[in-house]
Number of protein chains: 2
Amino acid sequence: MQDTAQKPAPERAYEAVIAKIRVMIEEKNLGPGDTLPPERQLAEIFNVSRHSLREAIRVLQEKGVLAARQGSGNYIQSATRGDLMRTLAVTTNTGSRRALEIFQLREILEPQLAALAAEMGEPRHIEMLEALLEKQGQTTDGIELRKIDHEFHETLAAATGNATLYELAKNINRSLLPPKTKIYDNRERQVISLEGHRKILDAIKNKDVEGAKAEMRAHIARVKSTVF
Amino acid sequence: MQDTAQKPAPERAYEAVIAKIRVMIEEKNLGPGDTLPPERQLAEIFNVSRHSLREAIRVLQEKGVLAARQGSGNYIQSATRGDLMRTLAVTTNTGSRRALEIFQLREILEPQLAALAAEMGEPRHIEMLEALLEKQGQTTDGIELRKIDHEFHETLAAATGNATLYELAKNINRSLLPPKTKIYDNRERQVISLEGHRKILDAIKNKDVEGAKAEMRAHIARVKSTVF
DNA sequence: ATCGTCGATTGGTTGCACCAATATTCACGC
DNA sequence: GCGTGAATATTGGTGCAACCAATCGACGAT
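Residues numbered from 1 in each chain as written. Chains lettered and ligands numbered in written order. Predicted model: local features only at pLDDT ≥ 70, side-chain atom pairs only at ≥ 80, totals over all residues. Heavy atoms only, no water.

Caption draft 1: Quick look at the protein's contact with DNA strand C. Near DNA strand C, the surroundings consist of 25 residues, among which Ala13 and Gln70 of chain A together with Glu39, Arg40 and Arg50 of chain B are the closest. Within the side chain of Arg40 of chain B, an N or O atom sits 2.9 Å from a base nitrogen of DNA strand C. A distance of 3.4 Å separates a phosphate oxygen of DNA strand C from a polar atom in the side chain of Arg58 of chain B. Where the surface near DNA strand C is concerned, the elements lending two or more residues are helix 3 (50-62) of chain A together with helix 2 (39-46), helix 3 (50-62), strand 1 (66-69) and strand 2 (73-76) of chain B. Looking at the surface near DNA strand C residue by residue, the classes come out as 4 nonpolar, 11 polar and 10 charged. (Near = heavy atom within 4 Å. Polar contact = N/O pair within 3.5 Å; in protein donor to acceptor, adjacent residues only side chain to side chain. Helix = DSSP H or I, 4+ residues; strand = E, 2+ residues; numbered from the N terminus. Nonpolar A, V, L, I, M, F, W, Y, C, P; charged D, E, K, R; others polar.)

Right, here's the structure in full:
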């Protein structure tokens, strides 16, 4: 049977270990550059197998909390990527001044992202962007269009191959969301957006780094002028 | 010995597995709700131990790509297929690349911050920067110098008049903190840093927007080459 | 046909052995 | 005494095998 009910989520061993490691870092006042005890020792302390211990370390590693060096140890990293993004996440709705500030950030960031995407983008990224553009051309619903727009910019960021840049772009989009505002409520804006994206993507496909940068700059400028 | 040098990042087994899972999802056209083959089977297909395979699955699970149900299977989770592909597009890269990623972000951001500072910077910001530079010239302690360096870059961001950019710059600095590395341990690097800051500040004082941008770009490039 | 039981499947956990990279020790030669 | 380099120990990385726990599925009793 298939019942949608989610179980009370029994805690996995590795989850408990993650929590314990965090506590240990806190209590022993470990900072960037310090090392954790060896895995074998930690496994014994926490009373879990080395495998479960390592699952926890892997996760923390992917989150940027730890860095593993074979033959040496597990090192505490500085801040997490989450810390980096908190800036944008927390203070979303603080008025139009903030919207302007974030737009300024976009003006700085996105043209460079487009340039990097043109330089680094792999075929599968191009395909994803192309598919989105296709979809955008066939859509008229305002809500849907805004979503597609976000996806386009996020996918472009992903095409840089830099996970940090992707996260940042995602957060910018999210924090920019003027909840109800229908940016795409009229045909003119829809066309502007679509054509802008078209030119950007074409430049990326041609590996035209400077062109991609310029087109994105122009695109953002046009969008900005319609918003403000 | 403790050298900051990052190794060429040998690929871990679990990273390769993540990439292979991504390909599998693409090729078999899997979407939310579908299940992956059993772990034991996947391990054999990919020619890795179940342990390594599970590390990969754990990571994907934490990223929200997969959900594991004991006794049942590993299910694809992401809301939409686009979401899924975007996430997987950047999950291939990992771990030790993080510092490089953040540096790439700095390369994008900071020159523009310098340009904005040159354009918008108010006298009080200039004064603060000047004071910091003065202090930097009289300091030799490595720890202290790193702190001053951070303050310089943060103050510069503040000079843009954009609070969001300032917050972001602050977090980038903090998350970059190379573990214990004494970037300023030798006289040569101290001079490089000081001269770089000098040139940037001079450009800002002269309202030389392009100059500030160029000097910052050069400065970051120099710092990068000494770190990596 | 329905329901419950029991076996098979699948993820979760553990233990151990060995490999690979790194750190440490120590003996050797200068 | 002091490098210097080889041997040794330490530490993370990987693989194999067994068993536990939740779930699924087939089969038989009713």
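Once you've had a look at it, read on.
Caption draft 2: Expanded view of the protein's contact with DNA strand D. Taken together, 26 residues form the shell around DNA strand D, and within it Glu39, Arg40, Arg50 and Arg54 of chain A together with Ala13 of chain B come nearest. Near-protein atoms of DNA strand D (within 4 Å) split between backbone and bases, with sugar and phosphate holding 65%. A distance of 2.8 Å separates a base nitrogen of DNA strand D from a polar side-chain atom of Arg50 of chain A. In the environment of DNA strand D, a base oxygen lies 3.3 Å from a nitrogen or oxygen atom belonging to the backbone of Gly71 of chain A. Broken down by secondary-structure element, the contributors of at least two residues to the surface near DNA strand D are helix 2 (39-46), helix 3, strand 1 (66-69) and strand 2 (73-76) of chain A together with helix 3 of chain B. Residues that form the surface near DNA strand D fall into these classes: 5 nonpolar, 12 polar and 9 charged.

Caption draft 3: Local environment of the environment of Val191 of chain A. Residue position: Val191 of chain A is located in helix 9 (residues 187-205). Considering only alpha carbons, one finds Val191 of chain A and Gly137 of chain A, 54 residues apart in sequence, at a separation of 8.8 Å.

Caption draft 4: Main features of the packing of helix 2 of chain B against helix 3 of chain B. All names here are of chain B. Interaxial distance between helix 2 and helix 3 falls to 9 Å at its minimum, and their mutual angle equals 105°. Relative to helix 3, helix 2 is oriented roughly perpendicular. Residues Glu39, Arg40, Leu42, Ala43 and Phe46 of helix 2 form the contact with helix 3, whose own contacting residues are Arg50, Leu53, Arg54 and Ile57. (Axes fitted to C-alpha atoms, helices over the stretch in contact; angles between N-to-C directions. Parallel < 35°, antiparallel > 145°, perpendicular 65-115°, else oblique. Contact = heavy atoms within 4.5 Å.)

Caption draft 5: Quick look at the packing of aromatic side chains. Residue and element names in this part refer to chain B. For the structure shown, the criterion picks out 0 aromatic pairs over all chains. The lysine or arginine in question, Arg69, covers the ring of Tyr75, its NZ or CZ lying 4.5 Å from the ring centre. We note Arg106 situated over the ring of Phe103; from NZ or CZ to the ring centre the distance is 5.5 Å. (Phe/Tyr/Trp six-rings, centres within 6.5 Å; stacked < 30°, edge-to-face > 60°. Lys NZ or Arg CZ within 6 Å of the ring centre and 35° of its normal.)

Caption draft 6: Seen up close, the pattern of salt bridges. Within this structure, the stated rule accounts for 28 salt bridges over all chains. Between Arg58 of chain A and Glu55 of chain B there is a salt bridge; the shortest N-O distance is 2.7 Å. Pair noted here: Arg58 of chain A is in helix 3 and Glu55 of chain B is in helix 3, and the two residues belong to different chains. For the pair Arg58 of chain A and Glu55 of chain B, one class covers both residues: buried. Across the pair Glu151 of chain A and Arg86 of chain B runs a salt bridge whose closest N-O atoms are separated by 3.6 Å. Taken as a pair, Glu151 of chain A in helix 7 (residues 142-158) and Arg86 of chain B in helix 4 (residues 81-91) lie in two separate chains rather than in one. (Salt bridge = Lys/Arg side-chain N within 4 Å of Asp/Glu carboxyl O. Buried < 20%, exposed > 50% of the residue type's maximum accessible area, 1.4 Å probe, protein only.)

Caption draft 7: Representation of the nonpolar core within the structure. Counting 64 residues, the largest nonpolar core has Leu156 and Ile204 of chain A together with Leu113, Leu156 and Ile204 of chain B as its most contacted members. Contacts of Ile204 of chain A, omitting those with residues within four sequence positions, involve Ala114, Ala117, Ala118, Ile126, Leu156 and Ala212 of chain A. (Core = buried A, V, L, I, M, F, W, Y, C linked by side-chain atoms within 4.5 Å.)

Caption draft 8: Highlighting the pairing of strand 2 of chain A. Residue and element names in this part refer to chain A. The pairing of strand 1 with strand 2 spans 4 bridges and is classified as antiparallel. The residue of strand 2 that forms the bridge with Ala68 is Asn74. What sits between strand 1 and strand 2 in their antiparallel hairpin is a turn of 3 residues, with Gly71 showing a positive phi close to 80°. (Pairing = 2+ DSSP bridges.)

Caption draft 9: Representation of the side chain of Glu39 of chain A. Residue and element names in this part refer to chain A. Checked against the element boundaries, Glu39 lands in helix 2. Among the polar contacts made by the side chain of Glu39, one reaches the side chain of Arg54 at a distance of 3.1 Å. For Glu39, the residues in contact, after removing those within four places along its chain, are Arg50, Leu53, Arg54, Ile57 and Asn74.

Fair warning: the whole summary comes from geometry, so function is off the table for now.
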